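Fold and geometry: a report
Single-letter residue listing:
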Amino acid sequence: METKQNYKYFTAPPINIPLIIGLAILVIGIVLVSMFASTRIPGIITIIVGFVVVIVASGGKSNDTDIDYQVAERIKDLQERSEKKFEVYEKSFLKMLKPMNLRGYDFEATEKPLLYTRGRDGKHRTNYFMGCNLIFTSEKIYIFGRRFSLTDDLIDSDIPVSYFYNELVDAQLEEKVFKTTHNNRDVEVPFYVFKIMKKDGTEALRMCVDYGADTDKAVEDITRAIQVRQVELDKRAQEAAERRAAFREKIEAEKAADAAAAANGELAE
């Protein structure tokens, strides 16, 4: 990963003096080309020089597309890795809920520095990111996440966990505000935290996510799956307990019958 270029993406000002000079040279070249035939060749040369200055001034720094590409490459195979890690495959997937992917820049990172910028595409980004794949089977939710830094290669870890449905309560989405200073001014950036809560009050999963209609649907679908599967699993557990109790009663009845038969035999003698 190009961590140095990524660092500049988050820290370098959007427009610097060499870039302004290069753009000015470009404008001068365009004017020379359009004025007279005699200034056309000097104008073309000036435009070339301007292009070179602009390229040099903007070089060595990642752009929005570079960042998005690096992120996509890091999380593209999460489900494949999850299936191999947990040895769970399509035939075991829950029919009511297909595997889903969640992703987002981490605005709650505790590592330093926590860098922020708003890209030219208008998207808010930090230098930490997490992608997560969730697989749902009849008894468990399998979670395989990858969290990494765009500016530090040492921060890159997998997060493989799994939970039985009867350990869980629901999924939630919390809106929060990230406050920081950017380009010498205070900014407040809204972000969203996706959570799956456990019965003991702790979090099975917590991560910042890109918000959209599919995020709200994921919260609803996961909560419903937890509730439906808990009812089904409780029913199965009750039926299994009843079968065990009936079996124990049968054994006890057979023992009692054998004891009675033995006692009758002794009396007959």
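Residues numbered from 1 in each chain as written. Predicted model: local features only at pLDDT ≥ 70, side-chain atom pairs only at ≥ 80, totals over all residues. Heavy atoms only, no water.

1. Here's the deal with the overall build of the chain
Convention followed: Numbered from the N terminus, helices here are DSSP runs of H or I no shorter than four residues, and strands are runs of E no shorter than two. Relative accessible area decides the class of each residue, using a 1.4 Å probe on protein chains only: under 20% of the type maximum gives buried, over 50% gives exposed, and in between gives partly exposed. Contacts are assigned to residue pairs that have any heavy atoms within 4.5 Å of one another. Only the protein chains shown count as cover for residues, and all accessible areas are computed by the Shrake-Rupley method using a 1.4 Å probe.
Regarding its fold elements, the chain presents six helices and nine strands. Counting the 269 residues in the chain, one finds 38% classified as buried. Long-range contacts, defined as pairs at least 24 residues apart, comprise 62% of the intrachain contacts of the chain with a sequence gap of at least 6. Total accessible area on the chain stands at roughly 16,400 Å², and carbon and sulfur atoms take up 55% of it.

2. Comments concerning the packing of aromatic side chains
Put simply, the test is: Any Phe, Tyr or Trp ring, taking Trp's six-membered ring, that has another such ring centre within 6.5 Å forms a pair; planes under 30 degrees apart are called stacked, those over 60 apart edge-to-face, and the others tilted.
One pass over the full model with this rule turns up eight aromatic pairs. With a centroid separation of 5.0 Å and 50° between ring planes, the pair formed by Phe-86 and Tyr-142 is classed as tilted. One end of the pair, Phe-86, is in helix α5 (residues 78-86); the other, Tyr-142, is in strand β5 (residues 140-149), with 56 residues separating them in the sequence. On the basis of relative accessible area, Tyr-142 is assigned to the buried category, the value being 14%.

3. A short note on the pattern of salt bridges
Side chains that carry opposite charge are capable of pairing whenever their charged atoms lie near each other. What counts is decided by this rule: Here, a salt bridge means any Lys or Arg side-chain nitrogen found within 4 Å of an Asp or Glu carboxyl oxygen.
Under the criterion given, the structure shown has 18 salt bridges. Two residues, Asp-64 and Arg-125, come together in a salt bridge whose shortest N-O distance is 3.5 Å. Of the two residues, Asp-64 sits in helix α4 (residues 64-75) while Arg-125 sits in strand β3 (residues 124-126), which places them 61 residues apart along the sequence. Both residues of the pair, Asp-64 and Arg-125, belong to the buried class. Taking the shortest distance from any N to any O, the salt bridge between Asp-156 and Arg-74 comes out at 2.9 Å. Residue Asp-156 is found in strand β6 (residues 156-164), and its partner Arg-74 is found in helix α4; the two are separated by 82 residues along the sequence. On the basis of relative accessibility, which here comes to 31%, the residue Asp-156 falls in the partly exposed class. A network of salt bridges, in which partner residues are shared, links Asp-64, Asp-68, Asp-121 and Arg-125.

4. Observations regarding the sheet that holds β6
By definition, the strands of a sheet pair up through backbone hydrogen bonds, in either a parallel or an antiparallel sense. Condition: Following DSSP output, two strands are said to pair if at least two bridges run between them. Simply put, an axis is a line fit to the C-alpha atoms, just over the touching stretch for a helix, and the angle between two N-to-C directions goes from 0 to 180 degrees.
Spatially, the four strands line up as an open sheet ordered β1-β4-β5-β6, and their pairing is antiparallel. Bordering the open sheet on either side are β1 (100-105) and β6, each of which pairs with just one other strand. Taking the axes of each pair of neighbouring strands and ignoring which way they run, one obtains an average angle of 15° across the sheet. Across nine bridges, the pairing between β5 and β6 is antiparallel. Across the sheet, residue Arg-147 finds its bridge partner in β6, namely Ser-157. This element, α5, spans β4 (128-136), β5 and β6 of the sheet and lies at about 125° to β5.

5. Considerations on the environment of Asp-68
The residue Asp-68 is located in helix α4 in this model. Among the residues examined, Asp-68 registers a relative accessible area of 28% and is labelled partly exposed.

6. Considering the nonpolar core
The condition is simple: Buried Ala, Val, Leu, Ile, Met, Phe, Trp, Tyr and Cys residues that are joined via side-chain atoms within 4.5 Å together make up what is termed a nonpolar core.
By size, the foremost hydrophobic cluster in this structure holds 27 residues, and its most contacted members are Leu-134, Phe-136, Phe-194, Ile-196, Leu-205 and Ile-222. Of all the secondary-structure elements, those providing two or more residues to this core are β1, β4, β5, β7 (168-182), β8 (185-198), β9 (203-209) and α6 (213-268). The element best represented in this core is α6, accounting for six residues. Excluding residues within four positions of it along the chain, Phe-136 makes contact with Ser-92, Phe-93, Leu-94, Leu-97, Lys-98, Pro-99, Met-100, Ile-141, Tyr-165 and Ile-222. Within the second largest apolar cluster, 25 residues are counted, among which are Ile-67, Phe-107, Phe-144 and Phe-178.

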